[in-house]
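# Structural description and commentary
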Number of protein chains: 2
Amino acid sequence: MHGSSIDARYRAYLACLNDRRFDDLGEHLLDPVVHNDRHLRVAEFADLLRRDVDEIPDLHYDAELVLVDGDHVACRIRFDCTPTGFRGLPPAKEKISFVEHVFYEYRAGRIARIWSLIDMDGIRAQLAR
Amino acid sequence: MHGSSIDARYRAYLACLNDRRFDDLGEHLLDPVVHNDRHLRVAEFADLLRRDVDEIPDLHYDAELVLVDGDHVACRIRFDCTPTGFRGLPPAKEKISFVEHVFYEYRAGRIARIWSLIDMDGIRAQLAR
């Protein structure tokens, strides 16, 4: 698949997340998908994303930087949002801003692997203010 | 500059870091360089890298995944190393393994901007074992 096509596929995946269309994730991910070395069924991965939205009701994926090289995508994602209790942390008193740096491997037009890193220290520092 | 050329330039930069040739950093970075939104003189950036090596004497940058797209590079860097007191954390009893997910913007063959995220939670979890 050409870079421009993967770029379009990837942006469609982010739109799917932002629209909370978690039942459509199978269009974008292989089943199972490998997330940070864990093999997850798409349904399990969807549950993780639903939990994120439970903990951050105004969650929105904003792609600041997207790189496509062969079958790989790298994205710096910006989140400006108001966690109500993200991963055991206290709720935010006001909007915070943090990033995720994430790599994807595509296979046959779908995401086969994800390597994600979230700026948890940046989140903690803002929640402690 | 073509993708293959930037790829070669980037790998030469990592070799410079691994060889501890911090006096040569000016060949790879614009001066100043922007690192996580801070404008740093190359000499200041070199001091940060020297501090990393002080705190992790066996530091070695191992590029697991390199993407090049236009003037941008994204890399997942693996570190298998033995910190002796990295960023205020306790020393490691044995080798640990962690990653950095980092984006670069090249301008005129040199790195103009760096956006870096290190898996600090992964480091803490291994040091606490």
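Residues numbered from 1 in each chain as written. Chains lettered and ligands numbered in written order. Predicted model: local features only at pLDDT ≥ 70, side-chain atom pairs only at ≥ 80, totals over all residues. Heavy atoms only, no water.

The name an unreviewed UniProt entry gives chain A is Ester cyclase, with Actinomycetospora termitidis as the organism.

Attention now moves to the interface of chain A and chain B. Listed by partner, the interface residues are 23 residues for chain A and 23 residues for chain B. For the pair chain A and chain B, the summed buried area comes to about 1,900 Å², and 71% of that belongs to carbon and sulfur atoms. Of all residues in chain A, Leu67, Phe103 and Leu117 of chain A bury the most surface against chain B, accounting for 35% of the area lost on that side. Between the two partners, chain A and chain B, sit 2 salt bridges. Arg124 of chain B is the salt-bridge partner of Asp121 of chain A, the closest N and O atoms lying 2.8 Å from each other. Linking chain A with chain B are 5 residue pairs in polar contact (both at pLDDT 80 or more). For the side of chain A that touches chain B, the secondary structure elements donating two or more residues are strand 3 (62-69), strand 4 (72-81), strand 5 (96-107), strand 6 (110-118) and helix 3 (120-127) of chain A. (Contact = heavy atoms within 4.5 Å. Buried area = accessible area lost by both parts, 1.4 Å probe. Salt bridge = Lys/Arg side-chain N within 4 Å of Asp/Glu carboxyl O. Polar contact = N/O pair within 3.5 Å; in protein donor to acceptor, adjacent residues only side chain to side chain. Helix = DSSP H or I, 4+ residues; strand = E, 2+ residues; numbered from the N terminus.)

This paragraph deals with the nonpolar core. Within the largest apolar cluster, 40 residues are counted, with the highest numbers of intra-cluster contacts made by Tyr10, Tyr13, Leu25 and Tyr104 of chain B. Secondary-structure elements contributing two or more residues to this core are helix 1 (3-18), strand 1 (29-35), helix 2 (42-55), strand 3 (62-69), strand 4 (72-81), strand 5 (96-107), strand 6 (110-118) and helix 3 (120-127) of chain B. At 6 residues, the largest contribution of residues to this core is made by helix 1 of chain B. Setting aside residues up to four positions removed in sequence, Tyr10 of chain B forms contacts with Val66, Val73, Cys75, Ile77, Val102, Tyr104 and Tyr106 of chain B. Listed in part, the 39 residues of the second largest apolar core include Val42, Leu49, Ile56 and Ile111 of chain A. (Core = buried A, V, L, I, M, F, W, Y, C linked by side-chain atoms within 4.5 Å. Buried < 20%, exposed > 50% of the residue type's maximum accessible area, 1.4 Å probe, protein only.)

Turning to the relation of the copies chain A and chain B, a few remarks are in order. Superposing chain A onto chain B takes a rotation of 180 degrees combined with a translation of 0.0 Å along the rotation axis, leaving an RMSD of 0.0 Å. The transformation relating the two chain copies, once decomposed into turn and shift, fits a two-fold axis. In this assembly, 100% of the residues forming the interface of chain A have copies in chain B that are likewise at the interface, indicating an isologous arrangement. (Least-squares fit on C-alpha atoms with pLDDT ≥ 70 in both.)

On to the environment of His28 of chain B. Residues and elements named next belong to chain B. With respect to the helices, strands and loops of the structure, His28 is situated in the loop between helix 1 and strand 1. Classification of His28 as buried rests on a relative accessible area of 5%. Along the backbone, His28 and Tyr13 are 15 residues apart, and their C-alpha atoms lie at a distance of 6.1 Å. Ignoring anything within four residues of it in the chain, the contact list for His28 reads Arg9, Ala12, Tyr13, Cys16, Arg110 and Ile111.

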